[in-house]
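Residue-level structural notes
Listed below, chain by chain, are the residues.
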Amino acid sequence: MSSSLLDKIGLGNIDPAYIIIGLLLVVIAAIIISIICLVKLSKLNDKYRRFMTGKDGKSLEDAVAKRFSQVDKLIEENKKKTVEIEDIFNNLKISVQKVGIVKYDAFNEMGGKLSFSLAMLNKENSGFIINAMHSREGCYTYIKEIINGESYIPLGTEEKEALKKAMEV
């Protein structure tokens, strides 16, 4: 079968049945897409009806206002928690965070390493060193202040070692 219209557009050699089959496939695809869209629209309408059932403008306004007040409360609570966290953070800066200990024998006749130097520092390496020297006559305890990792009082070998251990933490 020959068509003058197909000849004019350069498709005169193609059988019109192929064109009809191609158009039929396009129509079937369009119908399938339309059905899918109708199903999705139906589901959306069902969700909308369920949402709006028993609701009028006033009740929806009340629900939205309730949520906004809850959000306002959450914002206030968040501000309070932020201040509390800042307080905790500031307290952590000055609390003891680093510890170094060295056990040793203070006197040759004593064994068991009963003497010790204990360094306790904050984040800025400030704090103190406790030195406890155990002997047969008793135990003598000394404390030395540490500021920014340094002592204004000379430190003994064990105290220096304890300070070094604490600052490496």
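Conventions we followed
- Per chain, the residues get numbers from 1 upward, laid out in the order the sequence is written.
- A pLDDT threshold of at least 70 governs which residues receive local features in this predicted model, and a stricter bar of 80 or more applies before side-chain atom pairs are shown or counted, although totals over entire chains, interfaces and linings include all residues.
- Calculation of side-chain values draws on the structure's entire complement of heavy atoms; hydrogens and water are dropped beforehand.
- Strand pairing requires that DSSP identify at least two bridges connecting the strands.
- The numbering of helices and of strands both runs from the N terminus, where a helix is a DSSP run of H or I of at least 4 residues and a strand a run of E of at least 2.
- Axes here refer to lines fitted to C-alpha atoms; in helices the fit is confined to the stretch in contact. Angles between the N-to-C directions go from 0 to 180 degrees.
- Any two residues having at least one pair of non-hydrogen atoms within 4.5 Å are treated as being in contact.
- Only protein chains enter the accessibility calculation, which uses a 1.4 Å probe; a residue whose area is less than 20% of its type maximum is buried, one above 50% is exposed, and one in between is partly exposed.

1. Points about the sheet that holds strand β3 (residues 127-134)
Strand-to-strand pairing in sheets goes through backbone hydrogen bonds, with the strands running parallel or antiparallel. Spatial strand order, β1-β2-β3-β4: 4 strands in an open sheet with antiparallel pairing. Two strands close off the open sheet at either side, each with one partner strand: β1 (98-104) and β4 (139-146). Direction aside, the axes of adjacent strands within the sheet are offset by 10 degrees on average. Inspection of the sheet shows β1 paired to strand β2 (residues 115-121) by 7 bridges, in the antiparallel sense. Bridging from a neighbouring strand, I101 pairs with L118 of β2. Helix α4 (residues 157-168) contacts β1, β2, β3 and β4 of the sheet and is inclined by roughly 150 degrees relative to β1.

2. Examining the pairing of β2
Among the 7 residues that make up β2, 5 are buried, leaving the element largely enclosed by the rest of the structure. Across 6 bridges, β2 lies against β3 in antiparallel orientation. Bridge pairing links F116 to A132 in β3. Between β2 and β3, which pair antiparallel in sequence order, lie 5 residues; one of them, N125, sits at a positive phi of approximately 60 degrees.

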